[in-house]
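Breakdown of the fold
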Amino acid sequence: MYRFEEYAEGIVIKNTADFNIKHIFDCGQCFRWNEQEDGSYVGVAYGRAVRIIQSDNDIYIKGGKIEDKELWEYYFDLKRDYGYIKSELSRDEILKEAIKHGEGIRILNQDMFEIVVSFIISANNRIPMIKRAVENISRRYGKEIEFEGKIYYSFPTPDRLIRADIKELEECGVGFRAPYIVDTVSKIYKGEVDLSNIKEFDTDEAFKELTKLKGIGPKVADCILLFSMQKYDAFPVDVWVKRVMQHFYLAPDVSLNKIRQFGRDKFKFYAGFAQQYLFYYAREFKGKDAF
DNA sequence: CCTCAGGGCTCTC
DNA sequence: GAGAGCCCTGAG
């Protein structure tokens, strides 16, 4: 069982299980963590700038405060037994292999508003570009946070991002998605859309509500559900998951919606976890001519 | 159900 | 240097 302790420069989570910071931060669920030369990750979550350092099963949160213990416990989804989920999913031979590659993946509990905007930007985009745009938006509309002598920025809240117009967002590098962001942020700001309320719906109802918003199609909605609303039966199908699914399970011409349904039916309430292992697996093979 | 355009950047040729 | 493709969506 893990436990939190304080140390000179922050807090440490001792004795974690199924926890690998590289797997967690590189499995496509987050855009604000950057790997450093020493293998640690620096990033901002819920307005806190910290450095995450892994030493075997101990996770150091440099700059972390002990009063935020519950916040980090929630963020890293520590209460969930990933060992059990993996053993269930390993009954499928392909998942068993995929899990070997990303055995330390955990699904982060991220801020809903940040995830909505970040994944609108993700549409037909590349990860470095998404990261850059999210960073630019944070720098322009977020709050300053000082850490290790540098200035970092929190992702803006709706009442701050509402000030952004299409032109400014384009300058941040979001491209043709700028009007979608303006529209969706305004609906959230005005209360026409209440993300906390949508979170209480079941997965299908929440999916319907989210896809009503500009810039949110099936794939982006599934990402929002999985990465910020704890809907673990969601199965986001991006190009990578599409490739693995068509290679291992389905015919090459099966539609995205069919793949989504297949994944949800096959993996049930673990579909979202399966998707993460498959995504990480697929990207490991990038350029290796596997698919 | 279908097709297609849509920042801008990077990889490929 | 052109062309394809990108964690895809909206419009037709």
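First things first, this report covers the structure right here in the doc. (Residues numbered from 1 in each chain as written. Chains lettered and ligands numbered in written order. Predicted model: local features only at pLDDT ≥ 70, side-chain atom pairs only at ≥ 80, totals over all residues. Heavy atoms only, no water.)

A few words on helix α14 (residues 256-267). The terminal C-alpha atoms of α14 lie 16 Å apart, and with 12 residues this matches the ideal 16 Å at 1.5 Å per residue to within 8%. Turning to α14, its buried residues are Ile259, Arg260, Gly263, Arg264 and Phe267. The buried residues of α14 occupy an angular sector of 130° when the element is viewed end-on, so they sit on one face. For α14, the secondary structure elements touched by its buried residues are α3 (82-89), α4 (93-101), α11 (203-211), α12 (218-228), α13 (239-248) and α15 (271-284). Residue Lys268 follows α14 closely and has a positive phi angle near 50°. (Helix = DSSP H or I, 4+ residues; strand = E, 2+ residues; numbered from the N terminus. Expected span 1.5 Å × (residues − 1). Buried < 20%, exposed > 50% of the residue type's maximum accessible area, 1.4 Å probe, protein only. Arc of directions from axis to C-beta. Contact = heavy atoms within 4.5 Å.)

The next thing to look at is the protein's contact with DNA strand B. Neighbouring DNA strand B are Asn124, Arg126, Met129, Arg132, Gly175, Phe176 and Arg177. Sugar plus phosphate, as a fraction of atoms of DNA strand B within 4 Å of the protein: 33%. Take Asn124: an N or O atom from its main chain is 2.9 Å from a base oxygen of DNA strand B. Residue classes in the surface near DNA strand B are distributed as two nonpolar, two polar and three charged. (Near = heavy atom within 4 Å. Polar contact = N/O pair within 3.5 Å; in protein donor to acceptor, adjacent residues only side chain to side chain. Nonpolar A, V, L, I, M, F, W, Y, C, P; charged D, E, K, R; others polar.)

A few words on the environment of Phe227. Structurally, Phe227 can be placed in helix α12. Along the primary structure Phe227 and Ile107 are separated by 120 residues, whereas in three dimensions their C-alpha atoms are 6.6 Å apart. Filtering out sequence-adjacent residues up to four positions away, Phe227 remains in contact with Gly28, Gln29, Ile107, Leu108, Asn109, Gln110, Ile115, Phe119 and Gln276.

Across the five residues that make up strand β2 (residues 10-14), a large majority, four, are buried. Relative to β2, strand β1 (residues 3-7) runs antiparallel, the two sharing five bridges. Bridging across to β2, Arg3 finds its partner in Lys14. Hairpin connection from β1 to β2: two residues lie between these consecutive antiparallel strands. Of the strand pairs in this sheet, β2 and strand β6 (residues 58-62) are connected by four bridges, and their pairing is antiparallel. By the bridge assignment for β6, Gly10 is matched with Lys62. (Pairing = 2+ DSSP bridges.)

With that settled, consider the protein's contact with DNA strand C. What surrounds DNA strand C is a group of 24 residues, the closest being Gly28, Arg126, Ile127, Gly215 and Lys219. One of the backbone nitrogen or oxygen atoms of Val239 is found 3.3 Å away from a phosphate oxygen of DNA strand C. Interatomic distance of 3.1 Å between a side-chain N/O atom of Trp240 and a phosphate oxygen of DNA strand C. For the surface near DNA strand C, the secondary structure elements donating two or more residues are α12 and α13. The residue makeup of the surface near DNA strand C, split by class, is 12 nonpolar, seven polar and five charged.

Time to look at unusual backbone geometry. One non-glycine residue, Asp18, adopts positive backbone phi at about 50°. By relative accessible area, Asp18 is classed as partly exposed at 24%.

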